[in-house]
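Listed here are the chains, written in short residue letters.
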Amino acid sequence: MGYEAGVRAVTVKFAEGHEFHGAEARVRGMAIGEYMAATGLDGGEGDNAGSSMARFIDRLISWNLEVDGAPAPPTPEGVQLVDQAVVRALQNAYVSALIGVHDADPLPDSSTSGEPSLVESIPMEALSESQAS
């Protein structure tokens, strides 16, 4: 029995304190061929802003957004009802999640993020020559 490597769904949400904290969406991920076409890694042009948004809307599975107190369906018609800033933020978070970087994803406890790099503490300019006494 092999490892199931089909396309997974991605959940995008925003960290506490973010303007859209509380908004969430589940979006189908991409097979490697789709990813390479979308990013231009296949030698093509890759997605522009419009085609990237269309790809997001096409892959939208569900979300928790409401408009005027009623659920906005996760369909192309439902997307048309939602504030563009929220949709763009979700789409940007989706793209970030696909490439492996998303603001709401916490770093593991073992991460040294934020600690000074040893390389930065090594002087890089030439030292002055010693003067003979």
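So, how was this worked out
- Residues numbered from 1 in each chain as written.
- Predicted model: local features only at pLDDT ≥ 70, side-chain atom pairs only at ≥ 80, totals over all residues.
- Heavy atoms only, no water.
- Buried < 20%, exposed > 50% of the residue type's maximum accessible area, 1.4 Å probe, protein only.
- Helix = DSSP H or I, 4+ residues; strand = E, 2+ residues; numbered from the N terminus.
- Contact = heavy atoms within 4.5 Å.
- Polar contact = N/O pair within 3.5 Å; in protein donor to acceptor, adjacent residues only side chain to side chain.
- Salt bridge = Lys/Arg side-chain N within 4 Å of Asp/Glu carboxyl O.
- Phe/Tyr/Trp six-rings, centres within 6.5 Å; stacked < 30°, edge-to-face > 60°.

## Re helix H2 (residues 49-59)
Burial in H2 covers these residues: Ser52, Met53, Arg55, Phe56, Ile57 and Arg59. Buried residues along H2 sit against strand S2 (24-28), helix H1 (32-39), strand S3 (60-63), helix H3 (76-79) and helix H4 (84-99). The residue sitting at the N-terminus of H2 and contributing the capping side-chain oxygen is Asn48; that oxygen lies 3.0 Å from the backbone nitrogen of Gly50.

## Considering the pattern of salt bridges
One pass over the structure, following the stated rule, counts 3 salt bridges. Residues Asp47 and Arg55 are paired through a salt bridge, measuring 2.7 Å at the closest nitrogen-oxygen approach. Classification of Asp47 as partly exposed rests on a relative accessible area of 25%. Notably, a salt bridge pairs Arg59 with Asp58, separated by 3.8 Å at the nearest N-O pair. Residue class for Arg59 comes out buried when judged on its relative accessible area of 7%. A cluster of three or more residues bridged by salt bridges with shared partners is formed by Glu34, Asp58 and Arg59.

## Brief notes about the packing of aromatic side chains
Counting across every chain of the model gives 2 aromatic pairs. A ring pair is formed by Phe56 and Tyr94, whose centres lie 5.7 Å apart and whose planes are at 55°; its orientation type is tilted. Remark: Tyr94 occurs in helix H4 and Phe56 occurs in helix H2; sequence separation between them is 38 residues. Considered together, Phe56 and Tyr94 belong to a single accessibility category, that of buried residues.

## Focus: unusual backbone geometry
Phi is positive for Asp68, close to 55°, though the residue is something other than glycine. Within the element layout of this structure, Asp68 appears in the loop between strand S4 (66-67) and strand S5 (70-71).

Functional significance is not addressed by these values, which are geometric in nature.
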